[in-house]
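# Overview (structure and organization)
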Amino acid sequence: MPTLPEAVKAAWEKRNGPAILTTVDEAAMPNAIYVTCVALYDERTVLIADNYFDKTRRNILAGSKGSLLFMAEDRKTYQMKGTISRHTSGPIFDHMKLWNPKQHPGHATAALVVEEVYSGAERLL
């Protein structure tokens, strides 16, 4: 399985502001939220802390794919798309508890396994 390109990993380390997580419901209606509690887990997986998800949680449980959009400090944007799952225990959940701020509940972790990456219209993965 291919890994995230080095340029994307470098941009991730220099992201600016919150990211935007998008899922869709069973009727294909999109739902987009700002997320700030995010981290790379491995060469292909991004974790998002589920601190206050509602529609997003329902969409993930219904089998939605996900998209995470972020901006690097040079104002270049990147969009990662893939399969998203929810974890309430285990290594992925435990990893989130290490970096999620203590003032947030961290009910669960959304894990986005990246299948495609874009910067603008250019496909990078």
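Residues numbered from 1 in each chain as written. Predicted model: local features only at pLDDT ≥ 70, side-chain atom pairs only at ≥ 80, totals over all residues. Heavy atoms only, no water.

Along the backbone of the chain there are 3 helices and 8 strands. Going residue by residue from the N terminus, the α and β elements of the chain occur as α-β-β-β-β-α-β-β-α-β-β. By the compact-globule yardstick of 14 Å for 125 residues, the chain fits well, its C-alpha radius of gyration being 14 Å. A separation of at least 24 residues holds for 65% of the contacts in the chain among residues at least 6 apart in sequence. Total accessible area on the chain is roughly 6900 Å²; 54% of this is exposed by carbon and sulfur atoms. (Helix = DSSP H or I, 4+ residues; strand = E, 2+ residues; numbered from the N terminus. Rg over C-alpha atoms; globule rule 2.2 N^0.38 Å. Contact = heavy atoms within 4.5 Å. Areas by Shrake-Rupley, 256 points an atom, 1.4 Å probe, with all protein chains shown as cover.)

A separate point is helix 3 (residues 91-99). Buried within helix 3 are the following residues: I92, F93 and M96. The buried side chains of helix 3 occupy one side of the element, clustering within an arc of 100° when seen end-on. Exposed residues pointing more than 90 degrees away from the buried face of helix 3 are listed as P91 and L98. Looking at the packing, one finds that the buried side of helix 3 touches strand 4 (45-50), strand 6 (77-87) and strand 7 (108-119). (Buried < 20%, exposed > 50% of the residue type's maximum accessible area, 1.4 Å probe, protein only. Arc of directions from axis to C-beta.)

Bringing the nonpolar core into the picture now. With 23 residues, the main nonpolar core has V35, I48, L68, F70, M80 and V114 as its most contacted residues. Elements with a contribution of two residues or more to this core: helix 1 (6-13), strand 1 (19-24), strand 4, strand 5 (65-71), strand 6 and strand 7. Ignoring anything within four residues of it in the chain, the contact list for V114 reads L4, R44, V46, M80, K81 and L125. (Core = buried A, V, L, I, M, F, W, Y, C linked by side-chain atoms within 4.5 Å.)

In this structure, A28 takes a positive phi of about 70° despite not being glycine. With respect to the helices and strands, A28 occurs in the loop between strand 1 and strand 2 (30-35). A residue is classified by how much of its surface remains accessible, and A28, at 56% relative accessible area, is exposed. A positive phi angle, near 75°, is found at R75, a position not held by glycine.

Here we come to the packing of aromatic side chains. Under the counting rule described, the total for this entry stands at 2 aromatic pairs. Centroid distance W12 to F70: 5.1 Å. Interplanar angle 85°. Geometry classified as edge-to-face. Within this pair, whereas W12 is found in helix 1, its partner F70 is found in strand 5, the two being separated by 58 residues in sequence. Judged on exposure class, the residue W12 and its partner F70 are both buried. (Phe/Tyr/Trp six-rings, centres within 6.5 Å; stacked < 30°, edge-to-face > 60°.)

The subject of this paragraph is the side chain of T56. With respect to the helices and strands, the residue T56 is situated in helix 2 (residues 55-61). A polar atom in the side chain of T56 sits 3.0 Å from the side chain of N31. Sequence-distant contacts of T56, defined by excluding residues within four places in its chain, comprise L21, T23, N31 and I33. (Polar contact = N/O pair within 3.5 Å; in protein donor to acceptor, adjacent residues only side chain to side chain.)

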